[in-house]
Amino acid sequence: MTRPYPPRIKIVEVGPRDGLQNEARPIPAAQKIAFIDALSAAGFAEIEATSFVAPGRIPQLADAEEVMAGIHRRPGVVYSALVPNEKGLERALAARIDQANVFTAASETFNQRNIRASIAESIERFRPVVISARAAGLRVRAYVSTAFVCPYEGTIEPAAVTDVVARLLDLGVDEISIGDTIGAAVPSQIEAVLDALDGRLPLGQTALHLHDTRGTALANVLTGLRRGVAIYDTSSGGLGGCPYAPGAAGNLATEDLLYLLDGLGLETGIESSGVRRASDVIEGALGNALPSKVRRAGPAPSGERKETDRE
Ligand code: HMG
Ligand code: MG
């Protein structure tokens, strides 16, 4: 159903986790900490800071404890992390995360490759995680990966998404982020899934997690906005990918989303100059240019430029 745009949008910054989990070059914990601190200074209310998964599977984030211990915690900011199982939650609670993010998929093959479990097994694995996280006073977010297209199975039917969403809601998660893991979806697919979820997943609990591999992420955001979705996941500079999703490029760049939302007059509470500084920090650590289009092009002309100025 088409709705008015939500007036206020929450951008969840996932660069320190989704972005850095895919970088071949090892980034020292001190630089990750500087990146996260620059992000909290930019005004994000929620930052996915790291991942408490098996370190052998994602060595890039094996320093999760060190990162969480080193960040300057800005009051009011939710610092979340990926948590795949009870062992991960134990580590995450000791590291004082504010929110646990569990993750499963709408495609069986992707889920097996990513977390070595069927969808049903992953839900059972999360049951004690959600109970303990809630008992510890944490919010719980869940991801549904490959909600539109799977690198192994191709197009995913919306019914597969509604089925896993129902099981996650039954577990008692607070929010569900619907993922275009390999950045292959187009607006008609976003519409089909959001329409299938209408009446089953409240808009206040719905997020979209869009990778921008094929340049369709902003068109997909607009489709989400028209259907009232107010929470979007992005990475500063467009960092990112998933090592178990061949072909996945970075998340939608925070700068690119912010440019669109600012232009549409939708509030985010995030300073674009602050995002630029955060991207500077991580670009300096990586040593290669980040893909965000807005970062490269800069802000739109203000009209103050004289005709005699030259390019
Ligand atoms: P498993 O592979 O089935 O193996 O784990 P296991 O349970 O037998 O454990 C293997 C070893 O890891 C054991 O150690 C465990 O103790 C240890 P060993 O006995 O060999 O010494 N272990 C752990 N150590 C520390 N912390 C833990 C932990 N768990 C086990 N939490 C598991 C299953 C899910 C843990 C594993 O497969 C895993 O960590 N996978 C990581 C997958 C991942 O992080 N993928 C990328 C993130 S998902 C994503 O990017 C998509 C998303 O962005 C949304 C989208 O774009 O759609 C979220
Ligand atoms: Mg992702």
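Fair warning: this is a prediction, and the values are worked out from it, not measured in the lab.

### A word on the overall build of the protein
For step 1, the next point in the chain: Each helix and strand counted, the protein has twelve helices and ten strands in total.
For step 2, the next point in the chain: Its C-alpha radius of gyration of 19 Å places the protein within 12% of the 19 Å reference for a compact globule of 311 residues.
For step 3, the next point in the chain: Across its three principal directions, the C-alpha atoms of the protein cover 65 × 45 × 35 Å.
For step 4, the next point in the chain: The proportion of buried residues among the 311 residues of the protein is 53%.
For step 5, the next point in the chain: For the protein, the exposed surface amounts to about 13000 Å²; the carbon and sulfur share of it is 52%.
For step 6, the next point in the chain: Put simply, the protein has 32 plus and 38 minus side-chain charges, and the middle of one group is 2 Å from the middle of the other.

### Brief notes about the site of ligand 1
For step 1, the next point in the chain: With respect to spatial proximity, 28 residues lie near ligand 1, and among them Gln21, Arg57, Asn114, Ser145 and Thr181 are the closest.
For step 2, the next point in the chain: Interatomic distance of 2.8 Å between a side-chain N/O atom of Gln21 and an oxygen atom of ligand 1.
For step 3, the next point in the chain: In the environment of ligand 1, an oxygen atom lies 2.9 Å from a nitrogen or oxygen atom belonging to the side chain of Lys87.
For step 4, the next point in the chain: Burial of ligand 1 by the surrounding chains reaches 74%, relative to a free accessible area of 1100 Å².
For step 5, the next point in the chain: For ligand 1, the cavity whose grid points lie within 2 Å of the majority of its atoms is the largest pocket.
For step 6, the next point in the chain: Elements that contribute at least two residues to the shell around ligand 1 include exactly α1 (15–19), α4 (86–94), α5 (108–115) and β5 (139–145).
For step 7, the next point in the chain: Its residues assigned to classes, the shell around ligand 1 shows twelve nonpolar, nine polar and seven charged.

### Here's the deal with helix α8 (residues 187–197)
For step 1, the next point in the chain: The set of residues buried in α8 consists of Gln189, Ile190, Val193, Leu194 and Leu197. With its buried residues spanning 125° around the axis, α8 presents them on a single face.
For step 2, the next point in the chain: The first or second residue beyond α8 is Gly199, which carries a positive phi of 85°.

### Notes on the environment of Thr234
For step 1, the next point in the chain: Tracing the backbone shows Thr234 in strand β10 (residues 231–234).
For step 2, the next point in the chain: According to the relative accessible area criterion, Thr234 is buried, its value standing at 0%.
For step 3, the next point in the chain: It is 11 Å that separates the C-alpha atoms of Thr234 and Val275, two residues lying 41 residues apart in sequence.
For step 4, the next point in the chain: There is a polar contact of 2.8 Å between the side chain of Thr234 and the side chain of Thr254.

### Side note on the coordination of the magnesium ion (ligand 2)
For step 1, the next point in the chain: With distances of 2.1 to 2.3 Å, the protein atoms coordinating the magnesium ion (ligand 2) are Asp18 (OD), His209 (NE2) and His211 (NE2).
For step 2, the next point in the chain: Between consecutive donors of the magnesium ion (ligand 2), the numbers of intervening residues give the motif D-x190-H-x1-H. With Asp18 in helix α1 and His209 in strand β9 (residues 206–210), the pair connects residues that are 191 residues apart, well separated along the chain.
For step 3, the next point in the chain: Residue classification places His209 among the buried residues on the basis of a relative accessible area of 5%.

### Structural notes on the nonpolar core
For step 1, the next point in the chain: Core analysis: the largest hydrophobic core is formed by 97 residues, its most contacted members being Val144, Leu168 and Ile178.
For step 2, the next point in the chain: Looking at which element gives the most residues to this core, the answer is helix α2 (residues 29–42), with seven residues.
For step 3, the next point in the chain: Here Leu168 is in contact with Thr104, Ile123, Phe126, Ala142, Val144, Val173 and Ile176, once residues within four sequence places are set aside.

### What about the pattern of salt bridges?
For step 1, the next point in the chain: Evaluated as defined, the whole model comprises 16 salt bridges.
For step 2, the next point in the chain: Two residues, Arg91 and Glu65, come together in a salt bridge whose shortest N-O distance is 2.8 Å. Separated by 26 residues along the polypeptide, Arg91 in helix α4 and Glu65 in helix α3 (residues 64–70) bring together distant segments of the chain.
For step 3, the next point in the chain: The exposure class of Glu65 is partly exposed, given its relative accessible area of 33%.
For step 4, the next point in the chain: Each of the salt bridges in this network shares a partner with another, and the network as a whole consists of Arg139, Arg141, Glu175 and Asp233.

### A look at the packing of aromatic side chains
Where two aromatic rings form a pair, the distance of their centres and the angle of their planes describe that pair.
For step 1, the next point in the chain: A complete count under the given rule lists zero aromatic pairs for this structure.
For step 2, the next point in the chain: Lying across the ring of Tyr143, Arg17 places its NZ or CZ 5.7 Å from the centre.
For step 3, the next point in the chain: The aromatic ring of Tyr152 is capped on one face by Arg113, whose charged end is 4.3 Å from the ring centroid.

### Focus: the side chain of Asn101
For step 1, the next point in the chain: Looking at the element boundaries, Asn101 is found in strand β4 (residues 99–105).
For step 2, the next point in the chain: A relative accessible area of 0% places Asn101 in the buried class.
For step 3, the next point in the chain: Here the side chain of Asn101 touches Gln99 through a polar contact of 2.9 Å, side chain to side chain.
For step 4, the next point in the chain: Residues contacting Asn101, with those up to four places away along its chain left out, are Glu48, Ser80, Ala81, Leu82, Val83, Arg141 and Tyr143.

Definitions and cut-offs
- Residues numbered from 1 in each chain as written.
- Chains lettered and ligands numbered in written order.
- Predicted model: local features only at pLDDT ≥ 70, side-chain atom pairs only at ≥ 80, totals over all residues.
- Heavy atoms only, no water.
- Helix = DSSP H or I, 4+ residues; strand = E, 2+ residues; numbered from the N terminus.
- Rg over C-alpha atoms; globule rule 2.2 N^0.38 Å.
- Buried < 20%, exposed > 50% of the residue type's maximum accessible area, 1.4 Å probe, protein only.
- Areas by Shrake-Rupley, 256 points an atom, 1.4 Å probe, with all protein chains shown as cover.
- Lys, Arg positive; Asp, Glu negative; His and termini not counted.
- Charge placed at Lys NZ, Arg CZ, Asp CG, Glu CD.
- Near = heavy atom within 4 Å.
- Polar contact = N/O pair within 3.5 Å; in protein donor to acceptor, adjacent residues only side chain to side chain.
- 1 Å grid on protein atoms, 1.4 Å probe; cavity = no way out; pocket = protein on both sides within 12 Å on 5 of 7 lines; lining within 4 Å.
- Sits in = over half its atoms within 2 Å of the grid points.
- Nonpolar A, V, L, I, M, F, W, Y, C, P; charged D, E, K, R; others polar.
- Arc of directions from axis to C-beta.
- Donors = N, O, S within 2.8 Å, 3.2 Å for Na, K, Ca; no water.
- Core = buried A, V, L, I, M, F, W, Y, C linked by side-chain atoms within 4.5 Å.
- Contact = heavy atoms within 4.5 Å.
- Salt bridge = Lys/Arg side-chain N within 4 Å of Asp/Glu carboxyl O.
- Phe/Tyr/Trp six-rings, centres within 6.5 Å; stacked < 30°, edge-to-face > 60°.
- Lys NZ or Arg CZ within 6 Å of the ring centre and 35° of its normal.

In short, geometric facts, not functional conclusions.
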